[in-house]
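Below are the chains, spelled out letter by letter.
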Amino acid sequence: MEMKINQFFESVTNFFSGGDHIPWSTPDVILGCEREVAEVSKDGSDERKDESIMRLSWALVHSRQPEDVQRGIAMLEASLTNSNSPLQKREKLYLLSVGNYRSGDYSRSRQLLDQCLEIVPDWRQALSLKKTVEDRITKDGVIGIGITATAVGLIAGGIAAALVRKN
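The shown structure was predicted, so the numbers you read here are calculated from the model rather than taken from an experiment. (Residues numbered from 1 in each chain as written. Predicted model: local features only at pLDDT ≥ 70, side-chain atom pairs only at ≥ 80, totals over all residues. Heavy atoms only, no water.)

Caption draft 1: Just the overall build of the protein chain, in detail. If you tally the helices and strands in the protein chain, you get 7 helices and 0 strands. When the helices and strands of the protein chain are read in sequence order from the N terminus, they spell out α-α-α-α-α-α-α. Every one of the 167 residues in the protein chain was classed for burial, and the buried ones make up 27%. Taking all contacts inside the protein chain whose residues are at least 6 apart in sequence as the whole, residues at least 24 apart take part in 54%. Summing over all exposed atoms, the protein chain offers an accessible surface of approximately 11,000 Å²; the carbon and sulfur share of this is 57%. (Helix = DSSP H or I, 4+ residues; strand = E, 2+ residues; numbered from the N terminus. Buried < 20%, exposed > 50% of the residue type's maximum accessible area, 1.4 Å probe, protein only. Contact = heavy atoms within 4.5 Å. Areas by Shrake-Rupley, 256 points an atom, 1.4 Å probe, with all protein chains shown as cover.)

Shown next, in the form of structure tokens:
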């Protein structure tokens, strides 16, 4: 019985907290990636530069800081046209979808994931994120319906109370 109660509270907590399993990056990781990009930009090959920029983009879109996420999205969008291979494009689209998910733009995230899955239809990481995004869209819809129902109930209750007082 106690286990069922704990599972119930865990599911309620996950419902309201998001409960996704996307990793977070730390400011130290971002700083390390920024240093790497600066070093490679001075005297590195284009391939090493692209790899270090991808690592920085990953760290930024996985940050808890909204401004870092936005910076990561901007970097990825700017570099998307320079993708030489389908694999690079897939990675950038996936990271863009993570950034948009973190920013709360769930429909854009889902759209980018669909583009990802056109390149590699059975990519489990993208499929998992797509399920997370769709669950979040559903949850936000349920919360919106709940808020609307509560507002309607309060208004109806207020009108009923006003009518009772008049009589």
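Let us keep going from here.
Caption draft 2: Fine view of a nonpolar patch on the surface. Taken together, the side chains of Ile 155, Ile 159 and Leu 163 define a hydrophobic patch exposed on the protein surface, amounting to about 310 Å² of accessible area. Mapped onto the secondary structure, Ile 159 falls in helix H7 (residues 124-166). (Patch = residues over 30% accessible without salt bridge, like charges linked within 9 Å, V, L, I, M, F, W, Y side chains within 5 Å. Salt bridge = Lys/Arg side-chain N within 4 Å of Asp/Glu carboxyl O.)

Caption draft 3: A look at the side chain of Ser 63. Summarising the element assignment, Ser 63 is placed in the loop between helix H3 (46-61) and helix H4 (66-80). Setting aside its immediate chain neighbours within four residues, Ser 63 contacts Trp 24, Ser 25, Ile 30, Asp 68 and Val 69.

Caption draft 4: How the structure looks around the packing of aromatic side chains. In this structure the tally under the stated criterion is 2 aromatic pairs. Ring centres 5.5 Å apart and planes at 55° place the aromatic pair Tyr 101 and Tyr 106 in the tilted group. The residues Tyr 101 and Tyr 106 share a single accessibility class, namely buried. The ring of Trp 123 carries the charged tip of Arg 90 above its face, separated from the ring centre by 3.9 Å. (Phe/Tyr/Trp six-rings, centres within 6.5 Å; stacked < 30°, edge-to-face > 60°. Lys NZ or Arg CZ within 6 Å of the ring centre and 35° of its normal.)

Caption draft 5: Quick peek at the pattern of salt bridges. Enumeration over the complete set of coordinates arrives at 5 salt bridges. Its salt-bridge partner being Glu 91, residue Arg 90 comes within 2.8 Å of it at the nearest N-O pair.

Caption draft 6: The arrangement of the nonpolar core in detail. Tyr 94 and Leu 129 are the most contacted members of the largest nonpolar core, which totals 20 residues. Among the elements of the structure, H4, helix H5 (86-103), helix H6 (106-119) and H7 are those that each provide at least two residues to this core. Residue contributions to this core peak at 6 residues, all from H5. Excluding residues within four positions of it along the chain, Leu 129 makes contact with Ile 22, Tyr 94, Ser 97, Val 98 and Leu 113. Listed in part, the 6 residues of the second largest apolar core include Ile 30, Cys 33, Val 37 and Leu 56. (Core = buried A, V, L, I, M, F, W, Y, C linked by side-chain atoms within 4.5 Å.)

Caption draft 7: Examining helix H2 (residues 27-43) more closely. With 17 residues, H2 ought to run about 24 Å at 1.5 Å a step, and its terminal C-alpha atoms sit 25 Å apart, in line with that. Listing the buried residues of H2 in full gives Ile 30, Cys 33, Val 37 and Val 40. The buried side chains of H2 occupy one side of the element, clustering within an arc of 95° when seen end-on. Of the residues in H2, the exposed ones pointing more than 90 degrees away from the buried face are Pro 27, Asp 28, Arg 35, Glu 39, Lys 42 and Asp 43. Close packing links the buried residues of H2 with H3 and H4. (Expected span 1.5 Å × (residues − 1). Arc of directions from axis to C-beta.)

Caption draft 8: Highlighting the packing of H3 against H5. Remark: H3 packs on H5, axes separated minimally by 9 Å, with the N-to-C direction vectors making an angle of 20°. On the basis of the axis angle, H3 is roughly parallel to H5. In terms of crossing hand, the pair formed by H3 and H5 is left-handed. Contacts between H3 and H5 involve Met 54, Trp 58 and Val 61 from the first element and Glu 91, Lys 92, Leu 95, Val 98, Gly 99 and Arg 102 from the second. Of the residues contributing to the contact of H3 with H5, the split by class is 5 nonpolar, 1 polar and 3 charged. (Axes fitted to C-alpha atoms, helices over the stretch in contact; angles between N-to-C directions. Parallel < 35°, antiparallel > 145°, perpendicular 65-115°, else oblique. Left-handed = near helix turned anticlockwise from the far one by under 90°. Nonpolar A, V, L, I, M, F, W, Y, C, P; charged D, E, K, R; others polar.)

This is a description of form; function is not addressed.
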